[in-house]
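Here are the chains, one letter per residue:
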Amino acid sequence: MSEQQIPAFLERLKTDKNLAGSLFQAKTPAEVIMLAGNAGLDCTAAEISQWQATRAVAKLVEDGICANGLRWRSLHGPGGLHVQIVGASASFGLWCPSC
């Protein structure tokens, strides 16, 4: 799987309240990887600081806020396209293994 799946994952995130809700409540990278995998994205995830997940970036692709408050954005970073999410108690960075 590759970073070309990230736009489809983000489209699903925008419309799937269950996915957005589960990601909003996620507390570990393993949970995020499982949830993303169930949504069709083969990814790696790591917990990141809220500062890192919300600071200004030079190569922003898209961002948004889901109805439940989950904030997300996609950006070009080292190695390719990345996704950052800010949940209720943790923030995560996601990227595809091939990135």
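Structural data are supplied above this passage.
In this report, we go over the structure that sits alongside the text. (Residues numbered from 1 in each chain as written. Predicted model: local features only at pLDDT ≥ 70, side-chain atom pairs only at ≥ 80, totals over all residues. Heavy atoms only, no water.)

### Section: the nonpolar core
Side chains of nonpolar character tend, in soluble globular proteins, to be buried together.
Alright, step 1. Within the largest apolar cluster, 26 residues are counted, with the highest numbers of intra-cluster contacts made by Phe9, Leu13, Leu23, Leu41, Leu70, Ile85 and Leu94.
Alright, step 2. Among the elements of the structure, helix H1 (6-15), helix H2 (17-25), helix H3 (29-38), strand E4 (80-86) and strand E5 (91-95) are those that each provide at least two residues to this core.
Alright, step 3. Excluding anything up to four places from it in sequence, leucine 23 contacts Phe9, Leu13, Val32, Leu35, Leu70 and Ile85. (Core = buried A, V, L, I, M, F, W, Y, C linked by side-chain atoms within 4.5 Å. Buried < 20%, exposed > 50% of the residue type's maximum accessible area, 1.4 Å probe, protein only. Helix = DSSP H or I, 4+ residues; strand = E, 2+ residues; numbered from the N terminus. Contact = heavy atoms within 4.5 Å.)

### Looking at the pairing of strand E2 (residues 60-65)
Alright, step 1. Two strands pair when backbone bridges link them, and E2 and strand E3 (residues 71-77) are joined in this way by five bridges, in the antiparallel orientation. From the neighbouring strand, aspartate 63 faces E3, where its bridge partner is arginine 73.
Alright, step 2. If you look at the hairpin formed by E2 and E3, you'll find five residues sitting between the two strands, and glycine 69 has a positive phi there, around 100 degrees. (Pairing = 2+ DSSP bridges.)

### Structural notes on the sheet that holds E5
Alright, step 1. With antiparallel pairing, the five strands of this open sheet are ordered in space as E1-E5-E4-E3-E2. Every other strand in the sheet has two partners, leaving strand E1 (44-48) and E2 as the edge strands with one partner each. The sheet shows a mean angle of 20 degrees between the axes of neighbouring strands, taken without regard to direction.
Alright, step 2. On the sheet, H3 packs against E1 and E5 and is oriented at approximately 140 degrees with respect to E1. (Axes fitted to C-alpha atoms, helices over the stretch in contact; angles between N-to-C directions.)

### Side note on the state of the cysteines
Alright, step 1. Scanning the model with the defined rule gives zero disulfides in all.
Alright, step 2. Unpaired in this structure, cysteine 66 has its nearest cysteine sulfur neighbour in cysteine 43, at a distance of 16 Å.
Alright, step 3. Judged by its relative accessible area of 10%, cysteine 66 is buried. (Disulfide = S-S within 2.5 Å.)

### Observations regarding the layout of surface pockets
Alright, step 1. Taken as a whole, the largest pocket holds about 200 Å³ of empty space.
Alright, step 2. Along the wall of the largest pocket there are 14 residues; nearest its centre are Gln52, Leu75, Pro78, His82 and Gln84.
Alright, step 3. Sorting the residues of the lining of the largest pocket by element identifies E1, E3, E4 and E5 as the ones contributing at least two each.
Alright, step 4. Class assignment for the residues of the lining of the largest pocket results in eight nonpolar, five polar and one charged. (1 Å grid on protein atoms, 1.4 Å probe; cavity = no way out; pocket = protein on both sides within 12 Å on 5 of 7 lines; lining within 4 Å. Points joined across faces, edges and corners; volume = space filled by probe spheres on them. Nonpolar A, V, L, I, M, F, W, Y, C, P; charged D, E, K, R; others polar.)

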